[in-house]
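The primary structure of each chain is shown beneath.
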Amino acid sequence: MNKVTWTTIGFVAFYLCLLIGWHCYDPGSSLTEALPGADHRPAGHVRKANDVLIGEFFMQENSEKVALLKGEWPCFRGARHDNQAPLPPGQKWVEGGFEELWSVTTGEGHAAPVVSEGRVYVLDYDEALSSDALRCLDILTGRQLWRRWYRVPMKRNHGFSRTIPAVTRSSVITIGPEGHVMCCDKITGQLRWTIDMKKRFGTEIPFWYTGQCPLVVDNTLVLAPAGTDTLMVGIDVNTGSTLWGTPNTVHFKMSHSSVVPMTLAGTATFVYMGVGGVCGVSAEGGSCGQLLWSTNKWQPSVVAPSPLQIAPNQVFLVAGYGAGGALLQVDKGATWSATIRESYKASEGMSSEQQTPLNWQGTLITILPKDGGGMRERLAMYRPADLHHPIWTSGADERFGLGPYMVVGNRLLAFKEDGELYVYQLKSNAMTLLRKQRIMDEGIDAWGPMAYADGMLLVRDSKTIKCLKIIEN
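Figured I'd write up the structure that's included with this text. As the structure is a prediction and not an experimental result, all values here were calculated from the model. (Residues numbered from 1 in each chain as written. Predicted model: local features only at pLDDT ≥ 70, side-chain atom pairs only at ≥ 80, totals over all residues. Heavy atoms only, no water.)

1. Points about the overall build of the chain
Here is step 1: A tally of regular secondary structure across the chain gives two helices and 35 strands.
Here is step 2: Evaluated residue by residue, the chain yields a buried proportion of 55% over its 473 residues.
Here is step 3: Once local pairs closer than 6 in sequence are excluded, the contacts in the chain between residues at least 24 apart make up 55%.
Here is step 4: Total accessible area on the chain is roughly 21,200 Å²; 53% of this is exposed by carbon and sulfur atoms. (Helix = DSSP H or I, 4+ residues; strand = E, 2+ residues; numbered from the N terminus. Buried < 20%, exposed > 50% of the residue type's maximum accessible area, 1.4 Å probe, protein only. Contact = heavy atoms within 4.5 Å. Areas by Shrake-Rupley, 256 points an atom, 1.4 Å probe, with all protein chains shown as cover.)

2. As for the nonpolar core
Here is step 1: One finds Leu413, Leu421, Leu457 and Ile470 to be the most contacted residues of the largest nonpolar core, which totals 34 residues.
Here is step 2: Contributing elements (two or more residues each) for this core: β4 (99-105), β6 (119-126), β29 (405-408), β30 (411-415), β31 (420-426), β33 (451-453), β34 (456-460) and β35 (464-469).
Here is step 3: Filtering out sequence-adjacent residues up to four positions away, Leu413 remains in contact with Trp93, Pro404, Tyr405, Met406, Val408, Leu421, Tyr422, Val423, Met450, Leu457 and Ile470.
Here is step 4: Formed by 28 residues, the second largest nonpolar core is a distinct cluster that contains Ile173, Trp193, Leu223 and Val233. (Core = buried A, V, L, I, M, F, W, Y, C linked by side-chain atoms within 4.5 Å.)

3. A word on the pattern of salt bridges
Here is step 1: Summed over the entire model, instances satisfying the criterion amount to 16 salt bridges.
Here is step 2: We note a salt bridge from Lys186 to Glu117, for which the minimum N-O separation is 3.5 Å. Of this pair, Lys186 sits in the loop between β11 (180-185) and β12 (191-196) while Glu117 is found in the loop between β5 (114-116) and β6, placing the two residues 69 residues apart along the sequence.
Here is step 3: Here Lys370 ties to Glu377 by a salt bridge, and the two come within 3.9 Å at their closest N and O atoms.
Here is step 4: Salt bridges linked by common partners bring Lys416, Asp418, Glu420 and Arg438 together as one network. (Salt bridge = Lys/Arg side-chain N within 4 Å of Asp/Glu carboxyl O.)

4. Quick word on unusual backbone geometry
Here is step 1: Of note, the phi angle at Glu117 is positive, near 50°, even though the residue is not glycine.
Here is step 2: Even without being glycine, Gln361 reaches a positive phi, approximately 50°.
Here is step 3: Mapped onto the secondary structure, Gln361 falls in the loop between β25 (358-360) and β26 (363-367).
Here is step 4: Judged by relative accessible area, which is 66%, Gln361 ranks as exposed.

5. Some points on the sheet that holds β34
Here is step 1: One open sheet accounts for four strands, arranged β4-β35-β34-β33; its pairing is antiparallel. One side of each edge strand has no neighbouring strand; the edge strands of this open sheet are β4 and β33. Each strand axis lies, on average, 20° off the axis of its neighbour in the sheet, ignoring direction.
Here is step 2: As paired strands, β33 and β34 are joined by three bridges and run antiparallel to one another. Each bridged residue has a counterpart across the sheet, and for Tyr452 the counterpart in β34 is Leu457. (Pairing = 2+ DSSP bridges. Axes fitted to C-alpha atoms, helices over the stretch in contact; angles between N-to-C directions.)

6. Concerning the pairing of strand β18 (residues 267-274)
Here is step 1: Most of β18 sits out of view: seven of its eight residues are buried.
Here is step 2: Here strand β17 (residues 260-264) hands over to β18 after two residues, with Ala265 in that stretch at a positive phi of 50°.
Here is step 3: By the bridge criterion, six bridges tie β18 to strand β19 (residues 277-282) in an arrangement that is antiparallel. Residue pairing for β19: Val271 is matched across the bridge by Gly280.
Here is step 4: Count of turn residues in the β18/β19 antiparallel hairpin: two residues, of which Gly276 carries a positive phi of about 130°.

7. A look at the sheet that holds strand β23 (residues 324-332)
The strands that make up a sheet are held in pairs by hydrogen bonds between backbone atoms, and each pair lies either parallel or antiparallel.
Here is step 1: Spatial ordering of the open sheet is given by β21-β22-β23-β24, a layout of four strands whose pairing is antiparallel. Two strands close off the open sheet at either side, each with one partner strand: β21 (308-311) and β24 (336-344). The average angle at which neighbouring strand axes cross in this sheet is 30°, direction not considered.
Here is step 2: Examined bridge by bridge, β23 and β24 share eight bridges and lie antiparallel to one another. Bridged to Asp331 within β24 is Ser337.

8. What to know about the side chain of Arg143
Here is step 1: Tracing the backbone shows Arg143 in the loop between β7 (131-138) and β8 (144-151).
Here is step 2: If we skip the residues at most four places from it in the chain, Arg143 touches Asn62, Glu64, Lys65, Val66, Cys136, Leu137 and Asp138.

9. Examining the environment of Gln60
Here is step 1: Residue placement: Gln60 occurs in strand β1 (residues 57-60).
Here is step 2: Each C-alpha atom, one on Gln60 and one on Arg148, is 8.8 Å from the other, the two residues being 88 residues apart in sequence.
Here is step 3: Gln60 has contacts with Leu145, Trp146 and Thr188, leaving out every residue within four places of it along the chain.
Here is step 4: There is a polar contact of 3.5 Å between the side chain of Gln60 and the backbone oxygen of Leu145. (Polar contact = N/O pair within 3.5 Å; in protein donor to acceptor, adjacent residues only side chain to side chain.)

10. Section: the environment of Asp51
Here is step 1: Mapped onto the elements of the fold, Asp51 is located in the loop between α1 (3-24) and β1.
Here is step 2: Among the residues examined, Asp51 registers a relative accessible area of 27% and is labelled partly exposed.
Here is step 3: Here Lys199 takes part through its side chain, which lies 3.3 Å from a polar atom of the side chain of Asp51.

11. Notes on the environment of Gly107
Here is step 1: In this fold, Gly107 is placed in the loop between β4 and β5.
Here is step 2: For the pair Gly107 and Lys463, spaced 356 residues apart in sequence, the C-alpha to C-alpha distance is 5.7 Å.
Here is step 3: The contact partners of Gly107, leaving out residues within four places of it in the chain, are Asp124, Tyr125, Arg460, Ser462 and Lys463.

Put into structure tokens, the structure is as follows:
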């Protein structure tokens, strides 16, 4: 045989031997059975794959002192629940462009920060760790002070995080995308107590995850789990124990909307717009937790904005995906009544898809939704007496998508969903554009609400939080 033939035979024989050896080899011969306790895992850490140990991990990252500042933006829509921040006399706006003080990268989402005593708190999602993560930052520098996190694997659905924490005198409380409630010491990050709303209340989490933000009133955390048996519940902030519960006799399910405290017909009330309708629960003394009224005459399938009080006994309701707007009237006689006085499509009047409108000095302000007709995505002002004809709208080239807006002093700040900030001077029947500034170079889905404290504005897009100096010291 020639040389080529012997070489071919040699290669065939070699690989034939490898194939036979591979089939004969038993890879399990050197393995041993994994018995419970053999991995020396600490007691209490063995758990099922679908269990979540809320708040299980903690890391202190910076122990340097934080400047004790007075400014507070302690919860969703601020301390007064109106998304407005007053300016003391003598404070002046920064002239020219707003200075960026710091920037931090986040997981993909829309959860906005709160501010208390010089600290910023945000519930982030760390995709690498598959974890909800409560982060505490120094508002002056952006340096991370500590973080507490827990594993909760999820799939991306327009990002992950949605909600805004609530800060009290001593605690910070969060609600994660899958309905996990966590209370920590706001200074040290020490875990105080937790609640899994799916397990405790049978809550059905909305398709785009939990959007409900925690509400704290007089040291009581108010949640709307809208579960199998419980519509709303009051939790002692100090202990995590249940103070009162409202039976879910109306069979509402959890929406993306948040509970709002109002005084309607002279009665302190917690108002909630769930999937199935809107309701009012007593927030007063011995009757706290009692269902006062409800209606299912207007029940959009998807609700993100929260109810907005526009008169002593009237509540404005909005929702996206074609739902439009509705006017609810609440009356108290021998019994309570809740009546939808009118409802209309988004193209027929004041509406909003994601952000909760503003009530500024009796003038209603909104960004119209994408299905709002020719004025879609523009800023618009309305009078409560006429929800169909705006008294002012922004220009055709001033469209904001699903971006947030808020009032600081007598100016309205509107953040386009691509990361450009607009500043308007507010008047009783109009706004005047004062300036606009590109904040995010390549802003994507800047939908999270803004926060203001101590002359600083916090804004975010889907992956970045930035702090801007907007008021002089």
